[in-house]
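Now for the letters of each chain:
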Amino acid sequence: MQIDLIETFLDLCETRNFNRTAERLGVTQSTVSGRVKALERELGIRLFVRSRSGTELTTEGLRFEPHARGLRHGWTEARHAVRAAGTGAVTMRIGLQLDLVSGRFSELIGAFRAALPDASFFFEADYSQQMCSDLVAGKEDFAILFSPRNHPDLYFETVGEIAYSMVSTDADSLSAVPPSAYYLGNYSPAFAQTHAALLPGLMSASLSIGQSAGMVELLRSFGGTAYVLKPSAEELIGAGVCRPVADAPVIPQAVFAGIPLRHRHRGVYRHLLQVLRGHFAPETSLVRAGTGTRHALRLGEEKPDPA
């Protein structure tokens, strides 16, 4: 059985839309239809029903879905085993939220290498939604992200948090911040929700950016007011570029580790989780939207905002 038939089936289970699946897989809609028909011929069953209201799984399709995920997992494991044969080392492909590629990134790499001296690491910076998709598809082994995506094949655990502080080139207090000169950080759904609750008057900004490094460059080039990562805020203040907005709350952002569910108890992954908890230890002075600082997420438990 061709693995692309399984990949197409599982993607269509998520999108329930042939055009959307074609876009996500980078193929034509006719290719998606052809793959589904080929899989249905091999299985001797009908997997989907298409109607004006959309695309739905048949009863047989619903029964086949968990087995399809198992086939994809088995293929991924086999591919990894073949590639690793004879190397004597574990290779970990790790996704990292873009805003976490900061001055302390080298410390994190050092801690990972100290915890797993025989492992090889491949890091790739991205946004949460793509990293969750890559974990499901087996393209990544581990992800450090802001916005978990609830999925039966994934496991998430809170490992700590970081903080964003408001700085300005021309305002010392919130009352002096003009909305016209405010840049809205769009770092994650959780950040946006907390910002809206704490500072609803600043939600109408005409410019929004999803990465702290870009926000820093904007402040350096044009001035204004914005939330940036706390270490970046301290650097801007120390360089005399910005000053702190004294009465603006510090906004926390939880950091999660994402793992394929089947690997959550393996020693390699537990070592990485332990390193992350030490690296992203929460700061107790932060304004918090909730009461807990550590929890695990699985299907049927707490559902975080989508990436």
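Scoring rules and cut-offs
Residues numbered from 1 in each chain as written. Predicted model: local features only at pLDDT ≥ 70, side-chain atom pairs only at ≥ 80, totals over all residues. Heavy atoms only, no water. Helix = DSSP H or I, 4+ residues; strand = E, 2+ residues; numbered from the N terminus. Buried < 20%, exposed > 50% of the residue type's maximum accessible area, 1.4 Å probe, protein only. Areas by Shrake-Rupley, 256 points an atom, 1.4 Å probe, with all protein chains shown as cover. Axes fitted to C-alpha atoms, helices over the stretch in contact; angles between N-to-C directions. Parallel < 35°, antiparallel > 145°, perpendicular 65-115°, else oblique. Left-handed = near helix turned anticlockwise from the far one by under 90°. Contact = heavy atoms within 4.5 Å. Nonpolar A, V, L, I, M, F, W, Y, C, P; charged D, E, K, R; others polar. Core = buried A, V, L, I, M, F, W, Y, C linked by side-chain atoms within 4.5 Å. pLDDT = per-residue confidence, 0-100. Salt bridge = Lys/Arg side-chain N within 4 Å of Asp/Glu carboxyl O.

A. The arrangement of the overall build of the protein chain in detail. Of regular secondary structure, the protein chain possesses ten helices and twelve strands. By residue count, 44% of the 307 residues in the protein chain fall in the buried class. As displayed, the protein chain offers around 15200 Å² of accessible surface, 52% of which is attributable to carbon and sulfur atoms.

B. Summary view of the packing of helix α1 (residues 3-15) against helix α2 (residues 18-25). Packing of α1 against α2 leaves a shortest axis separation of 9 Å and a crossing angle of 125°. For the element pair α1 / α2, the angle class is oblique. Between α1 and α2 lies a crossing whose hand is right-handed. Every residue of α2 that contacts α1 at T8, D11, L12, E14 and T15 is listed here: F18, R20, T21, R24 and L25. Of the residues assigned to the contact of α1 with α2, the class counts are three nonpolar, three polar and four charged.

C. The nonpolar core, seen in detail. The biggest cluster of nonpolar side chains holds 52 residues, and the ones touching the most others in it are F142, I144, Y227 and L276. For this core, the leading source of residues is strand β6 (residues 154-168), giving six residues. Apart from residues no more than four positions distant in its own chain, F142 is found in contact with M92, R93, I94, G95, L135, A257, G258, I259, Y269, L272, L273 and L276.

D. Spotlight on unusual backbone geometry. The backbone of R16 shows a phi angle near 55°, a positive value even though the residue is not glycine. For R16, a relative accessible area of 28% gives the class partly exposed.

E. Layout of helix α6 (residues 128-137). Among the ten residues that make up α6, seven are buried, leaving the element largely enclosed by the rest of the structure. Considered for burial, the residues of α6 that qualify are S128, M131, C132, D134, L135, V136 and A137. Looking one or two places after α6, you find G138, whose phi comes out positive at around 80°.

F. Inspection of the confidence of the model for the protein chain at higher detail. The share of residues in the protein chain with pLDDT of 70 or more is 87%, and the mean pLDDT across the chain is 85. With pLDDT under 50 throughout, residues 284-307 is counted as low confidence; its partners more than four residues away or in other chains account for 56 contacts.

G. Just the pattern of salt bridges, in detail. Under the defined criterion, the tally for this structure stands at 14 salt bridges. Where D11 meets R24, a salt bridge forms, and the shortest distance between an N and an O atom there is 3.0 Å. With D11 in helix α1 and R24 in helix α2, the pair connects residues that are 13 residues apart, well separated along the chain. Across the pair D153 and R69 runs a salt bridge, and its minimum N-O distance is 2.9 Å. With a gap of 84 residues between them, D153 in the loop between β5 (142-145) and β6 and R69 in helix α4 (residues 59-84) connect regions that are remote in the sequence. The class of D153 is buried, set by a relative accessible area of 9%. Each of the salt bridges in this network shares a partner with another, and the network as a whole consists of D11, E14, R24 and R149.

H. Region of the structure containing the environment of L218. With respect to the element layout, L218 can be found in helix α8 (residues 212-222). L218 gets classed as buried once you look at its relative accessible area, which sits at 13%. Residues L218 and Y183 lie 35 residues apart in sequence; the distance between their C-alpha atoms is 8.9 Å. Other than its neighbours up to four places away in sequence, L218 contacts Y183, L207, I209 and G223.

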